[in-house]
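Here is what each chain is made of, one letter per residue.
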Amino acid sequence: MNTLLQKEFGFHELEIKQLNGYDNENFLITTDSGKFVFKTYSETTGSIALVEAENAALLFLHREENNLFPKPIPFSDGSLIKTLKVDGSRKICRALSFLEGQFSGEVSHTKTLFQSLGVLLAKMNLKLQAFDSEAIRTREWEWGIQHLHLNKAYLTDIDDAGDRALVTYFFQQFEENVSPTLHLLRRATIHNDANEWNVLVNNGEVSGLIDFGDLAYSPLINELAVAISYACFDKENPIEWASIILKSYHEVLALEENEIAVLYYLIAARLCTSLCNAAHSKKTNPDNKYAFGSEKQAWNLLHRWICINPIAAENSFRSAIGLAALSVKSTDEMVEERLEVLSPALTLTYSKPIVLSRSAFQYMYDVYGNTYLDAYNNIPHVGHSHPLVVEAGQRQMAKLNTNTRYLNDLLPEYANKLLSKFPDTLNRVFLVNSGSEASDLAIRIARTHSGHNNIMVMEHGYHGHTQTDIDISDYKFSNKVGQGQKDYIIKAVIPDTYRGKYTSDNGSAGKAYAKEALDQIIDSDEPIAAFISEPILGCAGQVPLASGYLQEIYPAIRQQGGLCISDEVQTGFGRLGDYFWGYEAQEVVPDIVIIGKPMGNGHPMGAVITTQEIAESFSEGVEFFSSFGGNPVSCAIGLSVLNVIEAENLQEAANEVGSFYKSLFIDLQKEFPCIGDVRGSGLFIGVEIVKNRDSKEPDSNLAGHIKNELRDRFILVGTDGPHDSVLKTKPPLCFTKANAQQVVDNIHEILDSYYANL
Ligand code: PMP
């Protein structure tokens, strides 16, 4: 190479050092007349037209003398690009001036530095508005954010299913939020790669920009999306830092409202592009460390990005360029509007209700720009707006939606997948649209099958909102304004080892409670059609049935010809960590299982699962038909939920994160006497708040105080139980240990100040 450089450029006293390069080779050439960068591109990966365009852009930027950008250095014969034999193979070659400075990636970041970055980019973009190149304009490749979809091919190179879901989420959000207005954004030639190893710094200010190899003709705002993505890698508050760049940029080159409106998603898109390409390079070219050097930081930022409400980002960006925040209706106005058309029977959570706009995984975004950590909602089981569930629904909706009176492959495919999660004896499924419908149908099946009418239910149990469901739900019929207990209902005392009569949970309490229930069963004047209970009673305040309880009850019910129903609407689908279904903890197999809530991750679905014998005897009664139950869209969605649970190992995650979460509450209990009991399993936890540990007197005021204070700290939990004194937490299963820590740290602070003010 030495000889070549002397011959081609007349360089003397050469020192050659290889520099980093993404998909070409770069050399720093030190000569007696200064430093240069010699760049070579293999003929297969490099395109002469693009390298020429890059040189043209650089010469264009050097029409006014400056030291901000590299300048093409001519070969001895005056040409700027040549194809030469370098170290035995033919390469496209050129040389550039060398710019002195440190990389922005190696200096500490200040406001001044970020302001100067905005200014430099704006000045460059202003100049480049008059530059045009056919090769750049027609360039379509992964690194142009407007061509984001090209990176979809690399999604499978991301090994971790949860990480892959996060990237897929932003691909989907791009299609939703950017694609429709993409054609309206003004376009220009942009540098398109102002990353921390291309931005040069001298004396605390940006002094230059190198590597024009990613030049793109694209929406102008992409320049900032790229620069901000990298500049904000390690920032605690990336939006604030981004706003500094925006403001200074805007002062030189005014930004437009529609550009700012999509910037949040463009930044995410750039991070996803970088991550997809890094994952792909790791698989295809693991030796090129430069290609995935910033991968970890990009993941960190992308994971932090979903904690940022897009509205908050947009409002900060708007403020940076002097625009007012987006206008929103007041909460009071919304409550009033609601009451004009809805019954007050539909209650709202919190005295200051939450007005939501969007959600992502374990986060929910309100219209004011706040992000809530969802530690409460178990329906979005695999995460709010999970992209694979959304995609499954969208696709099937665009294809076919009909009822079960026509044949279609999806129904048996889903039924088989669902049944594979049950023991062999439970091999028939009825698909409906809610947990309520499932409970109602289960009772109908039990009555048809047994020919009996009486139903044995659990104290404080809840099974749904239909009339039959209310009749079997002590939580509702025993409410002070409830309809009272019907004469066909037999109510068992809740086998609660914390608050109940028998408290030792070594199996003896279970037996003792069961003995009382067995007496009721034997004493019932008519045989019992069904016994129904949840394995952990949610509305009772996450009370697990004392161990061994069901093993005593089930045989006695069956002996009467009755059926044993497990309501897994809350506890199913791996939430409990150790078990996929809650009844497994009691080492029994029910005759009927009812499921709902998490089944469709928010899409309305429910099901009754039973044995072949019971399903057949039920078919002798009147026909069963549900217009929507088992429709192809629901089946596609249900299938995607099961697939995500498996792909992301969510049952194991519930176990691991849930055990950690519970241990944090147990530690908290050691510090605060108001925590009477910590119970539950996996990510289904109840924390009982009491006035006094010995008397166990419930403290519903304090439980409510904690719930409301958490809401003000943007964390959602619930309270429940007969005294409303149990904190309930049952988050989406993508909830992390850091999320768990955040909830418990906040409760710690709330209790600290509660006790300090007593
Ligand atoms: N069973 C249980 C245990 C429930 O918690 C619920 C809902 N809270 C239902 C059934 C009824 O489900 P849905 O509201 O989806 O109809």
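Residues numbered from 1 in each chain as written. Predicted model: local features only at pLDDT ≥ 70, side-chain atom pairs only at ≥ 80, totals over all residues. Heavy atoms only, no water.

A closer look at the site of the ligand
- In the region of the ligand, the neighbouring residues are S434, G435, S436, Y462, H463, G464, E534, D567, V569, Q570 and K597.
- Here an oxygen atom of the ligand sits 2.7 Å away from a polar atom, N or O, in the side chain of Q570.
- For the ligand, a nitrogen atom lies 3.1 Å from a polar atom in the side chain of K597.
- Classifying every residue of the shell around the ligand by side-chain character gives 2 nonpolar, 6 polar and 3 charged. (Near = heavy atom within 4 Å. Polar contact = N/O pair within 3.5 Å; in protein donor to acceptor, adjacent residues only side chain to side chain. Nonpolar A, V, L, I, M, F, W, Y, C, P; charged D, E, K, R; others polar.)

Digging into the pattern of salt bridges
- A full pass over the atoms with the stated rule returns 37 salt bridges.
- Where R395 meets E391, a salt bridge forms, and the shortest distance between an N and an O atom there is 3.3 Å. Here the residue R395 and the residue E391 both occupy positions in helix α13 (residues 387-397), the gap between them amounting to 4 residues, near one helical turn.
- Among the ionic pairs, R679 bridges to E688, the shortest N-O distance being 2.7 Å. Comparing R679 with E688 shows no difference in burial state: the two are buried. (Salt bridge = Lys/Arg side-chain N within 4 Å of Asp/Glu carboxyl O. Helix = DSSP H or I, 4+ residues; strand = E, 2+ residues; numbered from the N terminus. Buried < 20%, exposed > 50% of the residue type's maximum accessible area, 1.4 Å probe, protein only.)

Re the packing of helix α5 (residues 161-177) against helix α9 (residues 257-284)
- Their axes nearest at 9 Å, the elements α5 and α9 cross at an angle of 140°. One way to sum up the angle between α5 and α9 is to call them oblique. Helix-helix and strand crossings are classified by hand; for α5 and α9 the assignment is left-handed. Along its contact with α5, which presents V167, F170, F171, Q173, F174 and N177, the element α9 presents V262, Y264, Y265, L266, A268, A269, C272 and C276. (Axes fitted to C-alpha atoms, helices over the stretch in contact; angles between N-to-C directions. Parallel < 35°, antiparallel > 145°, perpendicular 65-115°, else oblique. Left-handed = near helix turned anticlockwise from the far one by under 90°. Contact = heavy atoms within 4.5 Å.)

Focus on unusual backbone geometry
- Residue F714 is not a glycine yet carries a positive backbone phi of 65°.
- For F714, a relative accessible area of 29% translates into the label partly exposed.
- The backbone phi angle of D724 is positive, close to 55°, even though this residue is not glycine.
- If you trace the backbone, D724 turns up in the loop between β27 (718-720) and β28 (726-729).
- The partly exposed category is assigned to D724, whose relative accessible area is 36%.

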